[in-house]
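One-letter residues, chain by chain:
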Amino acid sequence: MIRTLIADRMALIRAGLAACISLERDIEVVAELDRREPVLPTVAVLRPDVAIIDAGIAAADGFAVIHDVHDAAPCCRTLIMATRPCPRDLRRAIAAHAAGFMRKDADPDSISRAIRQVAQGMKAIDPDLAFAALDAPVNPLTSRETDVLRLAAAGAPTVEIARQLCLTTGTVRNHISAIITKTGARNRVDVIRIADRCGWL
């Protein structure tokens, strides 16, 4: 029997997923959670085989909860379920040791199959999302340029970016100019849009 934990902010989706899973003879739901905070303590106590976690819950802390589950309970595999998945989230989830990434609108059989694959130590990734990640342009930015752009995307002004990264304002402006040139963007707003779409932030 595969023991699963479901963590999703939306009660309807949580209940629907639990109902679908419960129809399978080899899968059972041992816990249903509606936020991030109780995930790790619940995994520690119940030791589920698979933790099915909403991408919104996981992404809220940069997928740290996925990394924490992997470190605290390596035998518990994580499967991310996303409403509007993007290549960036897929890459971040995999970097945090997620074993699977599926769309919430996948058919019940696909979700059950993904749970079984993840429980067996295999990967389960939505094929369309996998191809989208492979098709995404390679990030031309250096790690420092990515740091600058990430802060700019969060709304930080040049002075604040300089303070946080221990740079001069002139250096920050030079980085932003180089980023715009490398990406072929029209301006700062356009480069943030491009980087977000490509999953570079």
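### Some details on the overall build of the chain
Link 1 in the chain: For the chain, the count of helices and strands is eleven helices and six strands.
Link 2 in the chain: Its C-alpha atoms give the chain principal-axis dimensions of about 60 × 30 × 30 Å.
Link 3 in the chain: Counting across all 201 residues of the chain, residues that qualify as buried make up 45%.
Link 4 in the chain: At a minimum sequence separation of 6, the contacts of the chain that also span at least 24 residues come to 64%.
Link 5 in the chain: Put simply, the chain shows about 10,300 Å² of open surface, and 55% of that area lies on carbon and sulfur atoms.
Link 6 in the chain: Computing the positive centroid from 26 side-chain charges and the negative centroid from 24, the chain places the two 6 Å apart.

### Remarks on the sheet that holds strand β6 (residues 124–125)
Link 1 in the chain: An order of β2-β1-β3-β4-β5-β6 is seen for the six strands of this open sheet, with the pairing classed as parallel. Among the strands making up the open sheet, the edge pair consists of β2 (27–33) and β6.
Link 2 in the chain: As paired elements, strand β1 (residues 2–7) and strand β3 (residues 50–54) share four bridges and run parallel to each other. Opposite Thr-4, over in β3, you have Val-50 as the bridge partner.
Link 3 in the chain: The strands touched by helix α1 (residues 11–22) are β1, β2 and β3; relative to β2, the strand with the most contacts, the crossing angle is about 165°.
Link 4 in the chain: Together, β1, β2, β3, β4 (77–82), β5 (100–103) and β6 form the strand contacts of helix α6 (residues 108–119), whose direction differs from that of β4 by roughly 155°.

Analysis parameters
Residues numbered from 1 in each chain as written. Predicted model: local features only at pLDDT ≥ 70, side-chain atom pairs only at ≥ 80, totals over all residues. Heavy atoms only, no water. Helix = DSSP H or I, 4+ residues; strand = E, 2+ residues; numbered from the N terminus. Buried < 20%, exposed > 50% of the residue type's maximum accessible area, 1.4 Å probe, protein only. Contact = heavy atoms within 4.5 Å. Areas by Shrake-Rupley, 256 points an atom, 1.4 Å probe, with all protein chains shown as cover. Lys, Arg positive; Asp, Glu negative; His and termini not counted. Charge placed at Lys NZ, Arg CZ, Asp CG, Glu CD. Pairing = 2+ DSSP bridges. Axes fitted to C-alpha atoms, helices over the stretch in contact; angles between N-to-C directions.

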